[in-house]
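Read off the chains here:
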Amino acid sequence: MKPELLKIAALAGDGIGPEVMREALKVLGAVEKKFHLHLSITAAPVGWAGIDAAGQALPDATLALCKLSDAILFGSVGLPDRDPTIPKEQRPERAALLRIRKEFGLFANLRPVQLPKALAHACPLRPERQGDGIDILVVRELTGGMYFGQPKKTEVIAVPDAQDGNLHPAMRAIDTMVYTTPEIERIAHVAFQAARLRRKKVTSIDKANVLENGVLWRDVVTRVAKAYPDVALEHMFVDNGAMQLVLRPTQFDVLLCENMFGDILSDEAAALAGSLGMLPSASLGATSGERTFGFFEPAGGTAPDIAGKDLANPIAQILSVALMFRYSFGRNDVALAIEAAVGKTIAAGLRTGDIFSAAETGARKVGTREMGDAITAAVAAG
Ligand code: IPM
Ligand code: MG
């Protein structure tokens, strides 16, 4: 029987995007052979690359390709140096990334943070704080909260001058934090279901001591938890959560967050795992039948300062491929094979600059290409 065709849109984007995507595509090639898969991979421009090619951060043709695909493998977008040249609504972060999230209803963002034993030196925390290893799954709500709430605008208003009381024009920026019960319920279910496959604990993050949104979040999550009596639930204020992550990260299993808190805490958690260059991310929509449409990207940004220099760590992009097989294609076996290949390569001592320490014996500093080649070979040998 001919294997089912899996259609992947590969959107490399800007900065280090193209070079880490190149390595992920090598790994995909090895995976296709090894597992006798039938992949159709189509590249398309996005971000500044989209603006340069077709005048839009998300060109119509790229969006059309995504709609015809089973999953999107994404690099990263955004080049802050070029931002002043176009209005903020047209910049890649909003016009491509946020638009794709909304367009495809990708409400659930999963960011697995793991500190491999071999990388203990890359963790900024003292060894005793690392315990038996850090292993956290950040579940971030991705299509609500302050990122999308209306009104969202910057306007000119009149404010009284402190001295003379006369009215003077001033700018006012407004973002709106808004969540509905169903939005909180569906992301809470994702967190509890994920916890069942792990250590069965959910820490729900909010700011219920100040925000209306926090009170609703806490109520709804508490209610959803009743359907998961086998999973322990605790609530934590976001400021305390940020502190606990650096004091005692091993207490966390699944960290359930609204959009902005998840954005912030997932970067913090990634730093604990050695480097942002190690953190993959899956953004999932609703499941229909056997398939969940998904968007897979490294959580780090475009890192323009190191772009094109063979310095970037391709592991986050490669691990994003693993998440694509796990969550969108229902192939946990393929995901595990890719993760094992990454593990083997790290155990063999290969390190890109972000995870290299001269003090580590047996470690060898390598470039983007060499890291990608080694992982590809490990998949093939697997
Ligand atoms: C992320 C990024 C994005 C976000 C930016 C680039 C819009 O930081 O995916 O975490 O804030 O969601
Ligand atoms: Mg972020």
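These figures come from a predicted structure and were not determined experimentally. By convention here, each chain's residues receive numbers from 1 onward along its written sequence. Each chain is given a letter, starting from A, and each ligand a number, starting from 1, according to the order in which they appear as written. With the structure being a predicted model, the display of local features is reserved for residues of pLDDT at least 70 and the display and counting of side-chain atom pairs for 80 or more, all residues being used for whole-chain, interface and lining totals. Hydrogens and water molecules were not included; the side-chain quantities draw on all heavy atoms of the structure.

### A short note on the site of ligand 1
Logical step 1: Note on terminology: near, applied to a residue and a molecule or strand, indicates that one of the residue's heavy atoms is within 4 Å of it. Around ligand 1 lies a shell formed by Glu93, Leu97, Arg101, Arg111, Arg140, Tyr147 and Asp263.
Logical step 2: Under the rule applied, a polar contact is a pair of N or O atoms within 3.5 Å (in protein, one hydrogen donor and one hydrogen acceptor; residues adjacent in sequence only if both atoms are side-chain atoms). Here Arg101 contributes a side-chain N or O atom positioned 2.7 Å from an oxygen atom of ligand 1.
Logical step 3: Within the side chain of Arg111, an N or O atom sits 2.9 Å from an oxygen atom of ligand 1.
Logical step 4: To be clear on the numbers: accessible area is Shrake-Rupley with a 1.4 Å probe, and residue cover counts the displayed protein chains and nothing else. Starting from 320 Å² of accessible surface for ligand 1 in isolation, the protein chains cover 77%.
Logical step 5: Working definition: helices are DSSP H or I runs of at least four residues, strands are E runs of at least two. Numbering for both runs from the N terminus. Residue contributions to the shell around ligand 1 peak at three residues, all from helix α4 (residues 92-103).
Logical step 6: When residues are grouped by polarity, Ala, Val, Leu, Ile, Met, Phe, Trp, Tyr, Cys and Pro land in nonpolar, Asp, Glu, Lys and Arg in charged, and all others, Gly among them, in polar. Residue composition of the shell around ligand 1, by class: two nonpolar, no polar and five charged.

### Concerning the domain arrangement of the protein
Logical step 1: Split into domains, the protein comes out as domain 1 (1-112 + 273-382), domain 2 (124-144 + 179-271) and domain 3 (150-178).
Logical step 2: Residue ranges for the domains originate in an automatic or database domain assignment. Centre-to-centre separation of domain 2 and domain 3, based on C-alpha positions: 34 Å.

### What about the nonpolar core?
Logical step 1: Leu73, Phe192, Leu255, Leu256, Met324, Phe325 and Ile338 are the most contacted members of the largest nonpolar core, which has 87 residues in total.
Logical step 2: The element contributing the most residues to this core is helix α10 (residues 315-328), with eight residues.
Logical step 3: Two domains each put at least three residues into this core: domain 1 (1-112 + 273-382) and domain 2 (124-144 + 179-271).
Logical step 4: Setting aside chain neighbours within four positions, we find Leu255 in contact with Ile136, Leu137, Val138, Val139, Thr203, Ile205, Leu245 and Leu265. Definition of nonpolar core: a set of buried residues of the types Ala, Val, Leu, Ile, Met, Phe, Trp, Tyr and Cys, connected through side-chain atoms within 4.5 Å. When a residue's accessible area, from a 1.4 Å probe over protein chains only, is under 20% of the maximum for its type it is buried; when over 50% it is exposed; and in between it is partly exposed. We call two residues contacting when some pair of their heavy atoms lies within 4.5 Å.

### Quick look at the pattern of salt bridges
Logical step 1: Any Lys or Arg side-chain nitrogen located within 4 Å of an Asp or Glu carboxyl oxygen qualifies as a salt bridge. A full pass over the atoms with the stated rule returns 26 salt bridges.
Logical step 2: A salt bridge links Arg82 to Asp52, with the nearest nitrogen and oxygen atoms 2.8 Å apart. One end of the pair, Arg82, is in the loop between β3 (71-76) and α4; the other, Asp52, is in helix α2 (residues 48-54), with 30 residues separating them in the sequence.
Logical step 3: Overall, the relative accessible area of 30% leaves Arg82 in the partly exposed class.
Logical step 4: Because the salt bridges share partners, they merge into one network encompassing Arg22, Glu23, Lys26 and Asp373.

### Some remarks on the packing of helix α6 (residues 181-196) against helix α7 (residues 212-225)
Logical step 1: Axis definition: a line fit to C-alpha positions, over the contact stretch in the case of helices; interaxial angles, taken between N-to-C directions, run 0 to 180 degrees. In contact at an axis separation of 9 Å, α6 and α7 are set at 50 degrees when each is read in the N-to-C sense. Relative to α7, the element α6 is oriented oblique. Note that α6 runs across α7; the crossing there is right-handed. Contacts between α6 and α7 involve Thr181, Ile184, Glu185, Ile187, Ala188, His189 and Phe192 from the first element and Leu216, Trp217, Val220, Val221, Arg223, Val224 and Ala225 from the second.
Logical step 2: When its residues are assigned to classes, the contact of α6 with α7 shows ten nonpolar, two polar and two charged. Reported orientations rely on four angle classes, namely roughly parallel under 35 degrees, roughly antiparallel over 145, roughly perpendicular from 65 to 115, and oblique for the rest. Here a crossing is taken to be left-handed if its near helix is turned anticlockwise relative to the far helix by less than a right angle, and right-handed if that turn runs clockwise.

### Some remarks on a nonpolar patch on the surface
Logical step 1: Taken together, the side chains of Met243, Val246 and Leu247 make up a nonpolar region of the molecular surface, amounting to roughly 220 Å² of accessible area.
Logical step 2: Relative to the helices and strands, Val246 resides in helix α8 (residues 238-247).
Logical step 3: Val246 sits in the partly exposed class, given a relative accessible area of 32%. Two joining distances apply to patches: 9 Å for like charges and 5 Å for nonpolar side chains (Val, Leu, Ile, Met, Phe, Trp, Tyr), and every residue must have over 30% relative accessible area and no salt bridge.

### Digging into the sheet that holds strand β9 (residues 232-237)
Logical step 1: The rule for pairing is simple: two strands pair if DSSP sees at least two bridges between them. The ten strands lie next to each other as β2-β1-β3-β12-β11-β4-β5-β10-β8-β9, forming an open sheet whose pairing is mixed. On the outer flanks of this sheet lie β2 (38-43) and β9, each paired with one strand and no other. Taken over all neighbouring pairs, the strand axes of this sheet differ in orientation by 20 degrees on average, direction set aside.
Logical step 2: As judged from the four bridges shared by strand β5 (residues 135-141) and strand β10 (residues 254-257), these two strands associate in the parallel manner. Opposite Leu137, over in β10, you have Val254 as the bridge partner.
Logical step 3: In this fold α7 packs onto β5, β8 (201-206), β9 and β10, with an angle of close to 175 degrees to the strand it touches most, β9.
Logical step 4: The sheet strands contacting α10 are β1 (5-13), β2, β3, β4 (108-114), β11 (280-288) and β12 (291-298), and the helix crosses β12 at an angle near 170 degrees.

### Examining the packing of aromatic side chains
Logical step 1: Classification of ring pairs uses Phe, Tyr and Trp, with its six-membered ring standing for Trp, and accepts pairs whose centres are within 6.5 Å; under 30 degrees between planes counts as stacked, over 60 as edge-to-face, and the remaining range as tilted. Summed over the entire model, instances satisfying the criterion amount to five aromatic pairs.
Logical step 2: Taking 5.5 Å as the distance between ring centres and 65 degrees as the angle between the ring planes, the aromatic pair formed by Tyr179 and Trp217 counts as edge-to-face. Residue Tyr179 is found in the loop between β7 (167-174) and α6, and its partner Trp217 is found in helix α7; the two are separated by 38 residues along the sequence.
Logical step 3: Only lysine NZ and arginine CZ atoms are considered, and such an atom sits over a ring when it is within 6 Å of the ring centre and within 35 degrees of the ring normal. Lys102 extends its terminal NZ or CZ atom over the ring of Phe148, reaching a point 4.7 Å from the ring centre.
Logical step 4: For the cation-ring pair, Arg186 lies above Phe107, with the distance from its terminal atom to the ring centre recorded as 4.2 Å.

### Looking at unusual backbone geometry
Logical step 1: In this chain, Gln150 is followed by Pro151 through a cis amide linkage whose omega measures 0 degrees.
Logical step 2: Note that Pro151 resides in the loop between β5 and β6 (153-160).
Logical step 3: For Asp310, which is not a glycine, the phi torsion comes out positive at approximately 60 degrees.
Logical step 4: Structurally, Asp310 is set in the loop between β12 and α10.
Logical step 5: For Asp310, a relative accessible area of 31% corresponds to the partly exposed category.

### Some words on empty space enclosed by the protein
In this approach the atoms are scanned with a rolling probe the size of a water molecule, which exposes any empty space left behind.
Logical step 1: In this analysis, the protein atoms alone were mapped onto a 1 Å grid. Cavities are point sets where a 1.4 Å probe fits without being able to get out; pockets are open sets with protein on both sides within 12 Å along at least five of seven lines; lining residues have an atom within 4 Å of a point. Grid points are joined across faces, edges and corners, and a volume is the space filled by probe spheres set on the points. All chains considered together, the criterion is met by one cavity of 30 Å³ or more.
Logical step 2: Every residue along the wall of the largest cavity is listed here: Met177, Tyr179, Ile205, Asp206, Lys207, Leu211, Asn213, Gly214, Trp217, Glu258 and Phe261.
Logical step 3: Of all the secondary structure elements, the ones that give two or more residues to the lining of the largest cavity are β8 and α7.
Logical step 4: For the lining of the largest cavity, the class distribution of residues is six nonpolar, two polar and three charged.

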